[in-house]
Amino acid sequence: MTVILNNREIESLLTMREYVDAMEAAFTDLAHGNAVNRPRSHTYSPLSDERYYMFKSMDGALPRVGIHALRLSSDIIEERVVDGKRRRDKIPAAPGKKWLGLVQLFSIHTGELLAIMQDGYLQKMRVGATSGVAAKCLSRPDSKRVGMYGTGWQADAQLMALCQVRDIQEVKIFSPNRQNRESFAAKMAQQLGIPVIAMDDPQAVIDGVDIVIASTNSLQPVFEGKWLKPGMHVNSLQNGELDALTLARSDVIAVRAREQSTHWTVPGHQPAETRKVAEPSPEMDAKMQELGAILTGQSAGRTSPEQITMFGGSGSGGSSGLGIQFAAVGSLILDKARELGIGREVPTDWFLEDVHP
């Protein structure tokens, strides 16, 4: 039988600690040559000057768990200026003002479809967990204070994971909308049991902190690299939110993998999010280290308390999300769902065919 799971069911199955452990194991497998991954691919179809359709996919296999995962999303994207910053928003254009994203799990032993999962919750948690693994590898062990930019869908998972790997005692937060940042701060203070303070001044967010998180959909930098101090670690989700000075000042730049994501567009139409994606300079390449290599000791990572370290995606010269991340957490979710009898089962034979494909 093939298991179908929605976001609410998935949310009930794993803890953030389990997501962090799964990400650490997956990147270790990749570094040891025990996993295979295809870089993320984006295909854009223009709908207007600022709106376009984007199909995104990535896949990868973890032989250790016998799973190959395919993650795909079918999105309507709009680029617009909000509060003076250009940003990218995913528009809920599907019926009922909804979005579409799926993770499919396949058996590498029989080829059959094992599960179909909505991707919203688990992808947020794997992003946060990966950032947590990066902070565990690269931030100073005594890091306790966090400065964060962004209060959207991805933000809470970033803090949840960070609290799994470091003894975080205080968080300062900024986002352009005062109501959003204050309500988010109150929610996270209650959830994490530590002070979470909404700040009116974006520069004050970085003052005196050990770890900086950028968790936004901004296509323009959300803080200035000159604000960073020696010894800080930066986690970033996407390429638009960092300035060139942040990359230049970073002594170590960790990436998921060196292979970059690919972007395919109609000639003459280039979405803003693709414009910073370029081959890294020799200077950038010399600082770049893969996360799995740092985990396994193949790369040095941070070598002194004074270094500025960073973990980022395609804007820093390396890959965005990896398919193996979904194989890692998807296999755990599937096992737990079967154990607890959660989800709906449909006949696997519905997806099989008796003619040669």
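Our subject is the structure listed above.
Along each chain, numbering runs from 1 in the same order as the chain's sequence is written. Two thresholds apply to this predicted model, a pLDDT of at least 70 for residue-level local features and 80 or more for giving and counting side-chain atom pairs, whereas whole-chain, interface and lining totals are computed over all residues. Think of the side-chain values as coming from all heavy atoms in the structure, minus any hydrogens and water.

### A closer look at helix 10 (residues 323-340)
Right, on to step 1. Across its 18 residues, helix 10 extends 26 Å between first and last C-alpha, which sits within 8% of the 26 Å expected from 1.5 Å per residue.
Right, on to step 2. Per-residue accessibility, obtained with a 1.4 Å probe over protein chains only, is compared with the maximum for each type, and a residue is labelled buried under 20%, exposed over 50%, and partly exposed between these values. Comment: elements are numbered from the N terminus, with helices defined as DSSP H or I runs of at least four residues and strands as E runs of at least two. Taken residue by residue, helix 10 has Gly323, Ile324, Gln325, Phe326, Ala327, Ala328, Val329, Gly330, Ser331, Ile333, Leu334 and Ala337 as its buried positions. Every helix has an expected span of 1.5 Å times one less than the residues it contains.

### Remarks on the sheet that holds strand 13 (residues 252-255)
Right, on to step 1. By the convention used here, strands pair only if DSSP detects at least 2 bridges between them. Sheet architecture is open: 8 strands sit in the order 10-9-8-11-12-16-13-15, paired in parallel fashion. Two strands bound the open sheet, and with one partner strand each, they are strand 10 (196-198) and strand 15 (288-290). Taken pair by pair, the neighbouring strands of this sheet meet at an average axis angle of 20 degrees, ignoring direction.
Right, on to step 2. Sheet topology places strand 11 (residues 211-214) next to strand 12 (residues 233-236); 4 bridges connect them, and they run parallel. Each bridged residue has a counterpart across the sheet, and for Ile211 the counterpart in strand 12 is His233.
Right, on to step 3. Lying on the sheet, helix 4 (residues 155-165) is in contact with strand 8 (145-149), strand 9 (170-174) and strand 11; it crosses strand 8 at an angle near 165 degrees.
Right, on to step 4. Contacts between helix 5 (residues 178-192) and the sheet are confined to strand 9 and strand 10, with strand 10 contributing the most and set at about 175 degrees to the helix. Note on geometry: axes are C-alpha line fits, over the in-contact stretch for helices, and angles between N-to-C directions span 0 to 180 degrees. In what follows, a contact means two residues having at least one pair of non-hydrogen atoms within 4.5 Å.

### Observations regarding the packing of aromatic side chains
Right, on to step 1. The pairing test for Phe, Tyr and Trp rings, Trp by its six-membered ring, is centres within 6.5 Å, and the orientation test on the planes gives stacked under 30 degrees, edge-to-face over 60, and tilted for anything in between. According to the stated counting rule, one finds 2 aromatic pairs in the structure shown.
Right, on to step 2. With 5.3 Å between their ring centres and 65 degrees between their planes, Tyr44 and Tyr52 make a pair best called edge-to-face. When sorted by exposure, Tyr44 lands in the same class as Tyr52, which is buried.
Right, on to step 3. Ring centres 5.4 Å apart and planes at 25 degrees place the aromatic pair Tyr149 and Phe223 in the stacked group. Here Phe223 lies in the loop between strand 11 and strand 12 and Tyr149 lies in strand 8, a separation of 74 residues in the sequence.
Right, on to step 4. Tyr149 gets classed as buried once you look at its relative accessible area, which sits at 1%.
Right, on to step 5. On the basis of relative accessible area, Phe223 is assigned to the buried category, the value being 2%.
Right, on to step 6. The ring of Trp153 carries the charged tip of Lys124 above its face, separated from the ring centre by 3.8 Å. Working rule: Lys NZ or Arg CZ, within 6 Å of ring centre, within 35 degrees of ring normal, means a charge sits over the ring.

### Notes on the packing of helix 2 (residues 16-31) against helix 3 (residues 120-138)
Right, on to step 1. With their axes 8 Å apart at the nearest point, helix 2 and helix 3 run at an angle of 65 degrees to one another. Considering the angle they form, helix 2 stands roughly perpendicular to helix 3. The element helix 2 and its partner helix 3 pack so that their crossing is right-handed. Contacts between helix 2 and helix 3 involve Met16, Tyr19, Val20, Met23, Glu24 and Phe27 from the first element and Tyr121, Leu122, Met125, Arg126, Ala129, Thr130, Val133 and Lys136 from the second.
Right, on to step 2. Tallied by class, the residues present in the contact of helix 2 with helix 3 amount to 10 nonpolar, 1 polar and 3 charged. Any angle that is under 35 degrees is reported as roughly parallel, and any over 145 degrees as roughly antiparallel; angles of 65 to 115 degrees are reported as roughly perpendicular and all others as oblique. By definition, turning the near helix anticlockwise from the far helix through less than a right angle yields a left-handed crossing, and turning it clockwise yields a right-handed one. By the convention adopted, Pro, Cys, Tyr, Trp, Phe, Met, Ile, Leu, Val and Ala count as nonpolar, Lys, Arg, Asp and Glu as charged, and the other residues, Gly among them, as polar.

### A word on the pairing of strand 6 (residues 100-107)
Right, on to step 1. Direction of pairing for strand 4 (residues 67-82) relative to strand 6: antiparallel, over a ladder of 8 bridges. Across the sheet, the residue bridging to His68 is Phe106, located in strand 6.
Right, on to step 2. Taking the residues between adjacent antiparallel strands as the criterion, strand 6 and strand 7 (residues 113-118) are bridged by 5 residues, where Gly111 takes a positive phi near 85 degrees.

### A few points about helix 3
Right, on to step 1. For helix 3, with 19 residues, the first-to-last C-alpha span of 27 Å sits near the 27 Å given by 1.5 Å per residue.
Right, on to step 2. The element helix 3 is extensively covered by neighbouring structure, given that 17 of its 19 residues are classed as buried.

### Things to note about the side chain of Glu241
Right, on to step 1. Inspection of the secondary structure assignment puts Glu241 in the loop between strand 12 and helix 7 (244-249).
Right, on to step 2. The buried charged residue Glu241 lacks any salt bridge partner; its closest oppositely charged side chain belongs to Arg256, at an N-O distance of 8.8 Å.
Right, on to step 3. Here a polar contact is recorded for every N or O atom pair within 3.5 Å, except that within protein the pair must consist of a potential hydrogen donor and a potential acceptor, and residues adjacent in sequence are included only if both atoms are side-chain atoms. In this structure the side chain of Glu241 is engaged in a polar contact, spanning 2.7 Å, whose partner is the backbone nitrogen of Leu237. Charge counting follows a simple rule: Lys and Arg are positive, Asp and Glu are negative, and His as well as the terminal groups are ignored. Salt bridges are identified by distance alone: a Lys or Arg side-chain nitrogen within 4 Å of an Asp or Glu carboxyl oxygen.

### Observations regarding the pattern of salt bridges
Right, on to step 1. Counted by the stated rule, this structure contains 24 salt bridges.
Right, on to step 2. Between Arg64 and Asp29 there is a salt bridge whose closest N-O contact spans 2.7 Å. Of this pair, Arg64 sits in the loop between strand 3 (51-62) and strand 4 while Asp29 sits in helix 2, and the two are 35 residues apart along the sequence.
Right, on to step 3. Its salt-bridge partner being Arg145, residue Glu170 comes within 2.4 Å of it at the nearest N-O pair. One end of the pair, Glu170, is in strand 9; the other, Arg145, is in strand 8, with 25 residues separating them in the sequence.
Right, on to step 4. Among the charged side chains, a network of salt bridges with common partners joins Arg51, Glu78, Arg80, Arg87 and Asp89.

### A word on the nonpolar core
Right, on to step 1. Think of a nonpolar core as a cluster: buried Ala, Val, Leu, Ile, Met, Phe, Trp, Tyr and Cys residues, connected wherever their side-chain atoms sit within 4.5 Å. The biggest cluster of nonpolar side chains holds 64 residues, and the ones touching the most others in it are Met16, Tyr19, Leu105, Met117, Leu122, Leu159 and Ile333.
Right, on to step 2. Setting aside residues no more than four positions away along its own chain, Tyr19 makes contact with Ile10, Leu14, Tyr121, Leu122, Met125, Arg126, Ala129, Val329 and Ile333.
Right, on to step 3. Formed by 23 residues, the second largest nonpolar core is a distinct cluster that contains Met199, Val222, Met232 and Met288.

### Focus: unusual backbone geometry
Right, on to step 1. A positive phi angle, close to 55 degrees, is found at Lys97, a residue other than glycine.
Right, on to step 2. Relative to the helices and strands, Lys97 is located in the loop between strand 5 (85-91) and strand 6.
Right, on to step 3. When its relative accessible area of 68% is taken as the criterion, Lys97 is described as exposed.

### A few points about the environment of Ile324
Right, on to step 1. Along the chain, the position of Ile324 falls in helix 10.
Right, on to step 2. Ignoring any residue separated from it by four or fewer positions in sequence, one finds Ile324 in contact with Ala26, Leu30, Ala35, Val36, Asn37, Gly60, Ala61 and Leu62.

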